[in-house]
Amino acid sequence: MDALSTLHGALAEFTPAWAAALGVLLVLFALGFTGAPLWLWAAMGLVALIGFGAPVWAIVAFAALAVVFVVTPIRRVLSGGVMSLMEKLQFLPTISSTEQEAIDAGTVWVEGELFSGKPDTRRILDQPYAGLTPEEQAFLDGPVEELCAMVDDWEVWQRRDLPEAVWQKLKDEKFFGLIVPKEYGGHGFSPSLNSAVVAKTASASSTLGITVMVPNSLGPAELLSHFGTQSQKDYWLPKLATGEVIPSFALTEPGAGSDAGAISSRGEVFEQDGELYLRLNWKKRYITLAAISDVLGLAFKLFDPNNLLGKGENLGITCALVPTTTEGVVLGKRHDPLGVPFWNCPTEGHDVVVKLDEAVIGGREGCGKGWRMLMQSLAAGRGISLPASATAGVKQAARVSGAHALIRKQFGLSIGKFEGIEEPLARIGGWAYTMEAARRYTNGGLDQGAAPAVVTAMMKYNTTELFRKAVNDGMDILGGNAISRGPRNPLASAYIGVPVSITVEGANILTRTLMIFGQGAIRCHPFALKEMQALMSRDVKAFDAAFWPHIGHVVRNAFRAIGLSLTRGALAGSPVSGAASPYWRKLQWSSATFAFLADLAMGTLGGDLKRKEKLTGRFADVFSWMYLLSAVLVRYEAEGRRKEDEAFMRWSAEYALARIQEAFDGLFANLQVPGATWLFRGPLAAWSRFNRLSAEPSDRLGHTVAAAMQVPGEQRDRLFGGVFTSMDPNHTLGRFESAMQIAYEAEGVVRKVKDAIRSRQLPKAHPATLIPQAVEAGIITAAEADLLQRAEAARNDAIQVDAFDNEDYFASAVDPDRARPVQSQGDGAPVGLPADSLPDAGAVAYGAAVETEDPAA
């Protein structure tokens, strides 16, 4: 002690108190920013205190405290006390068995980096950016393209079903077996190809896309491939692959939607003639393909009242396969989901008897394991189908809106030159870039075997929400061309049907408020799940090993958040140089702030955070947009840092950061921190608003994006590719594509005529009316005149809308008494459109008159 006092006195003579305090803080800041281990904190803190001449009592107190935390046996005594206090206060949320199985399902991927507060950006960047094998690309370019060309979406809506030839093509080319392994006669394609097929087919017709996606997502083929017995795989998978058997999967019930664990469907085990059977009863709704399915996948609660399986009486949720010809199965009716003509149906089962070993997926071993099967399947599948169809929808909206913005003229200018049109057009283009980046990036992880349940929930929620916004923007740009239904309308079907994607596979409100952050806070946090498991098992050693590193994790992220905020991310590293580098740094800044605030909310609210859905929704927004930003930055690098794409990357990155900032603003304004709420809602909130991560993308940047969308060619086809399109001027989409191409080619000729008008070589009039005079005056050539005439004709045709004769219009009507909905399932007799009441699709689809417009207007 004398030696310490002597050393302290000598150093104190040269070190003012304020400098000593500042020096200690700087040392602690450096340790906190870098995430140093606890023993190093203790050692360096002690050295700093001595070195900067702190009082002896402070040094002794610090050393005593360090001993408590660094010496494991002593620290565990303290950990046991903390555990007891948490249990007494019921600090952590209780987790039901279904919640636990959902948490256990799947894997943690790069989202764990984003939740950490100190993401390894090199790891994020180095994840594979998905592509297709030559075999997969050939399938996409061949059978998929051929299938899309067979479908007229307007005719499908009028007939309310796909043509028989399309159904046969689906079976012949094994579209229902995309995910069935090759050894069972399927294609065995990757998630990337599955996604690409859904995207292209959905872009041609939503009904076609849904029909393809459902058998290749959650359902019998997926469940059998992973969990079925060998005999079940041998029997069912070849039939599913060829379409000999059409599958459906029944989960949702009137009383069990988002709360799937509340299903009332019931199965009882009984024995007869030495064999075990199930007696099943169910009432399901919203089951896609059910009315035309040959086998029904069924989720139900299994009971074994006589304990014949030796596993107790209540075994839990179980999945089984039930042939729809089995006595007691009731099919035959359809729901009408906003008029979108895909098969979506209710079904009932009344005392349906099946053999247990044949029906239960996985046989006896699968009894009671249905929920885990479903969660593990959805952990990957939720990131494929709906994100693919939504991304394709936005890319198709980008193509159509960009074309229309060039084609359509008002006041002598293409409407795309008006800033009011540029703004929504840029949003569509930026969202398309973001969503395709996220689709490809997510598929790359899925292709490698990852099953990140939180990421796929992010994808489902955010892509379908952006799809909704993009379609609305597209409707605004196309105006009357979008609201007048008919075979010429390229957007109405998407506009009508988009709420379906919002609702299915986990309603978006639930997905945002409970799944993305609710599950993410447990699964992706480096310590939270370990602490909860230790508390539930009363394991002091495990709790000690998680709790104190968690405290250090919080302190580190607090220091990182402060340091990165003060320097606007400059202290963070970037895995790249160039245009994207600042955004990688801001990603780290966002992660540190998010991680600290998340821990703060969990620490102050405990189990109550689960019920604070407005807060968890904002946390979900930050988490989601960090992931989407990561995907955007990875895409830019993976595609070679193309200079022409830089504006799309910047717009997307700045939009993502603006959404993160918006969510942070909401968190600062609403977080309640005992004793410090004033600090977060006052000074910290004001600082965050002043020192923003990013403003919205600038008008100049939006102009660059919108202008690029109005230029036909390689960049447009690359950025908005992967969707079905056509150059046939008689096709709904081809009409816009061909008119855009020729109108763009004629722009130079139009400029010549307008220049001549300004120089008074030609009279002031619409350029299209001056073509003969322009040729005669030598201003344009005969070939240019022909090009301009064809361009004006194409423009005029592209902006026309459908109009129907009364006879044709009413051909789609039916006698309301013959299409009266019936709520009860009854005996399963079909209710709805009788076959002989279907309209003549040819008359409705192709017999429409066209409302013309004066080309000079």
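Residues numbered from 1 in each chain as written. Predicted model: local features only at pLDDT ≥ 70, side-chain atom pairs only at ≥ 80, totals over all residues. Heavy atoms only, no water.

Before going further, it helps to examine the overall build of the protein chain. The helix and strand inventory of the protein chain stands at 37 helices and 11 strands. Here the protein chain holds 857 residues, and 56% of them are scored as buried. (Helix = DSSP H or I, 4+ residues; strand = E, 2+ residues; numbered from the N terminus. Buried < 20%, exposed > 50% of the residue type's maximum accessible area, 1.4 Å probe, protein only.)

So, about empty space enclosed by the protein. One pass over the full model with this rule turns up two cavities of 30 Å³ or more. In this structure, the second largest cavity occupies an estimated 50 Å³ of space. Forming the walls of the second largest cavity are N481, S484, R488, N489, P490, R735, F736, A798, Q800, V801 and D802. Elements supplying a minimum of two residues to the lining of the second largest cavity: α32 (732–745) and β10 (801–803). (1 Å grid on protein atoms, 1.4 Å probe; cavity = no way out; pocket = protein on both sides within 12 Å on 5 of 7 lines; lining within 4 Å. Points joined across faces, edges and corners; volume = space filled by probe spheres on them.)

Another aspect to go through is the confidence of the model for the protein chain. Confidence in the prediction of the protein chain, expressed as mean pLDDT, is 88, and 87% of residues score 70 or more. Across the protein chain, helix α30 (residues 699–709) holds the top mean pLDDT of 98, while helix α37 (residues 841–846) sits lowest at 33. In this model, residues 824–857 is a region of pLDDT below 50 whose contacts with residues beyond four sequence positions or in other chains number 72 contacts. (pLDDT = per-residue confidence, 0-100. Contact = heavy atoms within 4.5 Å.)

What follows concerns the pattern of salt bridges. Scanning all chains against the criterion turns up 42 salt bridges. Put simply, R718 and E714 hold a salt bridge, and the shortest N to O gap is 2.7 Å. Of this pair, R718 and E714 both sit in helix α31 (residues 714–719), separated by four residues, roughly a single helical turn. Taking the relative accessible area as the measure of exposure, R718 reaches 22% and is therefore partly exposed. In this structure, a network of salt bridges that share partners links the residues R642, E644, D645, E714 and R718. (Salt bridge = Lys/Arg side-chain N within 4 Å of Asp/Glu carboxyl O.)

We now examine the packing of aromatic side chains. Applying the stated criterion to the full structure yields 28 aromatic pairs. When the ring of W154 is compared with that of F804, the centres are 6.1 Å apart and the planes differ by 20°; the resulting orientation is stacked. In this pair, W154 is assigned in helix α10 (residues 153–159) and F804 in the loop between β10 and α36 (806–810), connecting sequence segments 650 residues apart. Using a relative accessible area of 22% as the deciding quantity, one classes F804 as partly exposed. (Phe/Tyr/Trp six-rings, centres within 6.5 Å; stacked < 30°, edge-to-face > 60°.)

A word on the pairing of strand β5 (residues 314–323). Across the 10 residues that make up β5, a large majority, seven, are buried. One ladder, built from nine bridges, connects strand β4 (residues 295–303) with β5; its direction is antiparallel. When the sheet's bridge partners are listed, K301 is paired in β5 with I317. (Pairing = 2+ DSSP bridges.)

Tracing the chain through its elements places L491 in the loop between α21 (480–483) and α22 (492–503). L491 gets classed as buried once you look at its relative accessible area, which sits at 4%. If near-sequence neighbours (up to four positions away) are discounted, L491 is found in contact with A397, G474, M475 and L478.

Turning our eyes to something else, we now look at helix α25 (residues 540–566). If you check α25, its first and last C-alpha atoms are 39 Å apart, about what 27 residues at 1.5 Å a residue would give, namely 39 Å. Residue D539 occupies the N-cap position of α25, its side-chain oxygen lying 3.2 Å from the main-chain nitrogen of K541. One or two steps after α25, the chain reaches R568, where phi turns positive at roughly 55°. (Expected span 1.5 Å × (residues − 1). Polar contact = N/O pair within 3.5 Å; in protein donor to acceptor, adjacent residues only side chain to side chain.)

Right, let's talk about the pairing of strand β2 (residues 266–272) for a bit. In the sheet, β2 pairs with strand β3 (residues 275–288) via seven bridges, with the strands oriented antiparallel. From the neighbouring strand, R266 faces β3, where its bridge partner is N281. From the end of β2 to the start of β3, which pair antiparallel, there are two residues, and D273 there has a positive phi angle of about 55°. With three bridges connecting them, β2 and β4 associate as parallel partners. Bridging from a neighbouring strand, R266 pairs with K301 of β4.

A separate point is the packing of helix α14 (residues 220–227) against helix α15 (residues 230–242). At a closest axis distance of 10 Å, the pairing of α14 and α15 adopts a crossing angle of 145°. Of the two possible hands of crossing, α14 and α15 adopt the one that is left-handed. Counting all contacts with α14, which are made through P220, A221, L224 and S225, the residues of α15 involved are Q232, K233, W236, L237 and L240. Taken together, the residues that form the contact of α14 with α15 break down as six nonpolar, two polar and one charged. (Axes fitted to C-alpha atoms, helices over the stretch in contact; angles between N-to-C directions. Left-handed = near helix turned anticlockwise from the far one by under 90°. Nonpolar A, V, L, I, M, F, W, Y, C, P; charged D, E, K, R; others polar.)

Right, let's talk about the packing of helix α18 (residues 385–407) against helix α20 (residues 453–478) for a bit. Two elements in contact, α18 and α20, have axes separated by 9 Å at closest approach and are oriented at 20°. Taken together, the axis directions place α18 and α20 in an arrangement best described as roughly parallel. α18 and α20 meet at a crossing whose hand is left-handed. Between α18 and α20, the contacting residues are L386, P387, A390, T391, G393, V394, V400, S401 and H404 on the first element and M459, K460, T463, T464, L466, F467, A470, G474, I477 and L478 on the second. Looking at the contact of α18 with α20 residue by residue, the classes come out as 11 nonpolar, seven polar and one charged. (Parallel < 35°, antiparallel > 145°, perpendicular 65-115°, else oblique.)

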